[in-house]
Amino acid sequence: MVKHTPTSVVTIERFIIEQERQFPEATGELSGVLYDVALAAKMIANKVRSAGLADILGAEGTENVQGEQQQKLDVIANDIMVKAMDHGGRLCAMASEEEPDIIQIPDGFKCGKYVLTFDPLDGSSNIDVNVPVGTIFSVMRKITRGTRGEMEDMLQPGRRQVAAGYIIYGSSTMLVYTTGQGAHGFTLDPSIGEFLLSHPNIAIPERGKYLSVNDSYEQAWEDNVKGLMRRYRGLEGDRAPLSVRYVGSLVADFHRNLLGGGIFCYPANTKSPRGKLRLLYEASPLAFIAEQAGGMATDGHQRILDIQPTELHQRTPLFIGSKDECELANQMLGTGALVGAG
Ligand SMILES: O=P(O)(O)OC[C@H]1O[C@](O)(COP(=O)(O)O)[C@@H](O)[C@@H]1O
Ligand SMILES: [Mg+2]
Ligand SMILES: [Mg+2]
C-alpha cells in the first residue's frame, strides 16, 4: 500500500483504487459502490448544511417501521441514498432504516453482486437543533442465486461485511470507512468538493477516556449494567473515572470515542429489552470500523460481528469502542456476576 505523507493530497477515489490494486482479482465493483456512497454523502451534506434555510427541518408527518416519527431529512437522505445507488449495476438490493422491506433494484437497471444496508440519517432527534448527525452504511456480497436480492442476502453476520463506514455531518464533514484493511478517515474540502485523506489508519486508544451513555434509563437497567456504569465512573473498583460525553447521535458519539478513546453504551432496558440500536445498519458497520481500528464491539455476551441476524430491523444492546472498557462489559455482563476490582 502506498505510504502517504501528511501533506500528500489523496482523494478518496485514489485511495480506493490503491486499496483495490492489492487484489488482482478485484473487478472494481466494490470500489464503484464506495464512490457512489461518497457522492450520496456530498449531496446529503449539502442538504444538512442548509437545512435551516430550505424549510427541510421538522417532522415529515409519517412513521417508519420502527414506530418513530420520520424527520423530513430522514426521508430526503433516504431518497438521495436510493437514487445514488440503484442504477450503478453493482447492487442487487438495499435495505434502509426508513423502509420496511428490501429495496429492490428497479427493472431496467443491471443487478450487481453486492447488497447495501444503511441508516440514511443517524441522530434524527438532533437535526433541528444543529447538533452533528450522520449516515451509516454496510456492504455485503450476495450469497443467493438469481439476480434479485433476497432476505438471506441481507441477514448475514457482520463478519461477512466487505465494506462499512459512516459519514459525520459536524463542524466538518468526514467519511470514515473500512474494507478490512484498516479504518481510514477523509474530510470533505468544500472548496473543491472532494473527500481528502485526513486520518489514515485510525487506531483507537486501548484504554478509554470517555463514557457515552444515556443514563436517564438507569432505573430500567439490570443490576449488572448499573454495576458496570459505576465501574466506568470510578464509583467502584479502582479504575479512573471516565469523562461522560453524550451527544445523542450514535455516529458523533462513536466518532469522538474512536479518535479520543472511550466507550459508547446503549444497554438493554426494561422498556427496550433488545436495546434501541439496529444490528444491520448501525451496530454491525460501526463494529467493523471499531475492530479495524483496534477496538471492540459487543452486546455484553457476544461479538457484534458474530450475531446471526433474523430480522431486517432487529435491535441489539451495544457496547463499542476501546478494548479495555469493552472487555470489562463482557466480564460483567457476560457472566452477570460483579467481577473483582479494576
Ligand atoms: O435518545 P436516546 O434514547 O438516547 O437514543 C439516541 C440514539 O438513537 C439514535 O438517534 C437512533 O438513530 P436514528 O436517529 O437513526 O433513529 C442514535 O443516533 C442515538 O445514539
Ligand atoms: Mg441511527
Ligand atoms: Mg436514522
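Source: prediction; values computed, not measured. (Residues numbered from 1 in each chain as written. Chains lettered and ligands numbered in written order. Predicted model: local features only at pLDDT ≥ 70, side-chain atom pairs only at ≥ 80, totals over all residues. Heavy atoms only, no water.)

**Student:** Could you clarify how one ought to interpret the domain arrangement of the chain in this entry?
**Tutor:** It is common to give the size of an interface as the accessible area lost on bringing the parts into contact. Once the domains are mapped, the chain shows domain 1 (12–199) and domain 2 (210–332). Averaged C-alpha coordinates put domain 1 and domain 2 at centres separated by 23 Å. If you look at the interface, domain 1 gives 50 residues, while domain 2 gives 33 residues. Between domain 1 and domain 2 the total buried area reaches about 2,900 Å² when both faces are included, carbon and sulfur atoms providing 63% of it. (Domains from an automatic or database assignment. Contact = heavy atoms within 4.5 Å. Buried area = accessible area lost by both parts, 1.4 Å probe.)

**Student:** Just to check I follow, could you spell out the coordination of the magnesium ion (ligand 3) for this structure?
**Tutor:** Ideal values differ by geometry: the angle at a metal is 109.5 degrees with four tetrahedral donors, but 90 or 180 degrees with six octahedral donors. Every protein donor of the magnesium ion (ligand 3) is listed here as Glu97 (OE), Asp119 (OD) and Leu121 (O), and their distances to the metal cover 2.0 to 2.2 Å. Expressed as a motif, the donor residue spacing for the magnesium ion (ligand 3) is E-x21-D-x1-L. In this structure the magnesium ion (ligand 2) is found 3.6 Å away from the magnesium ion (ligand 3), and Asp119 serves as a bridging donor for the pair. With a gap of 22 residues between them, Glu97 in the loop between strand S3 (91–96) and strand S4 (103–104) and Asp119 in strand S5 (residues 114–122) connect regions that are remote in the sequence. Assigned by exposure class, Glu97 and Asp119 land together as buried. (Donors = N, O, S within 2.8 Å, 3.2 Å for Na, K, Ca; no water. Helix = DSSP H or I, 4+ residues; strand = E, 2+ residues; numbered from the N terminus. Buried < 20%, exposed > 50% of the residue type's maximum accessible area, 1.4 Å probe, protein only.)

**Student:** Would you take a moment to explain the UniProt feature "binding site: Mg(2+) 1" (unreviewed entry) in the chain for this structure?
**Tutor:** Mapped onto this structure's residue numbering, the UniProt feature "binding site: Mg(2+) 1" (unreviewed entry) falls at Glu97, Asp119 and Leu121. What stands out for the annotated residues spanning 25 residues is how close their C-alpha atoms remain, the widest pair being 8.8 Å apart. The class of Asp119 is buried, set by a relative accessible area of 0%. Aside from chain neighbours lying at most four places away, what touches Asp119 is Glu97, Gly134, Thr135, Ile136, Tyr281 and Glu282. Its place among the elements puts Leu121 in strand S5. Leu121 gets classed as buried once you look at its relative accessible area, which sits at 1%. (UniProt positions renumbered as here; feature names shortened; annotations may be inferred.)

**Student:** Teacher, can you tell me more about the sheet that holds strand S6 (residues 133–141) here?
**Tutor:** In a beta sheet, neighbouring strands pair by backbone hydrogen bonds and run either parallel or antiparallel. Strand order in the open sheet formed by eight strands is S4-S3-S5-S6-S7-S8-S9-S10, with mixed pairing between adjacent strands. Edge positions in the sheet fall to S4 and strand S10 (194–199), since each of these pairs with one other strand and no more. Examined bridge by bridge, S5 and S6 share seven bridges and lie antiparallel to one another. Across the sheet, Phe118 pairs through a bridge with Phe137, a residue of S6. Relative to the sheet, helix H2 (residues 29–49) contacts S3, S5, S6, strand S7 (161–169), strand S8 (173–178), strand S9 (183–189) and S10, its axis offset from that of S7 by approximately 15 degrees. The sheet strands contacting helix H7 (residues 279–292) are S3, S5, S6, S7, S8 and S9, and the helix crosses S7 at an angle near 100 degrees. (Pairing = 2+ DSSP bridges. Axes fitted to C-alpha atoms, helices over the stretch in contact; angles between N-to-C directions.)

**Student:** Would you mind going over the coordination of the magnesium ion (ligand 2) with me for this structure?
**Tutor:** For the magnesium ion (ligand 2), the full set of protein donor atoms is Asp119 (OD), Asp122 (OD) and Glu282 (OE), and the range of their distances to it is 1.8 to 2.1 Å. Mapped onto the sequence, the residues coordinating the magnesium ion (ligand 2) show the spacing D-x2-D-x159-E.

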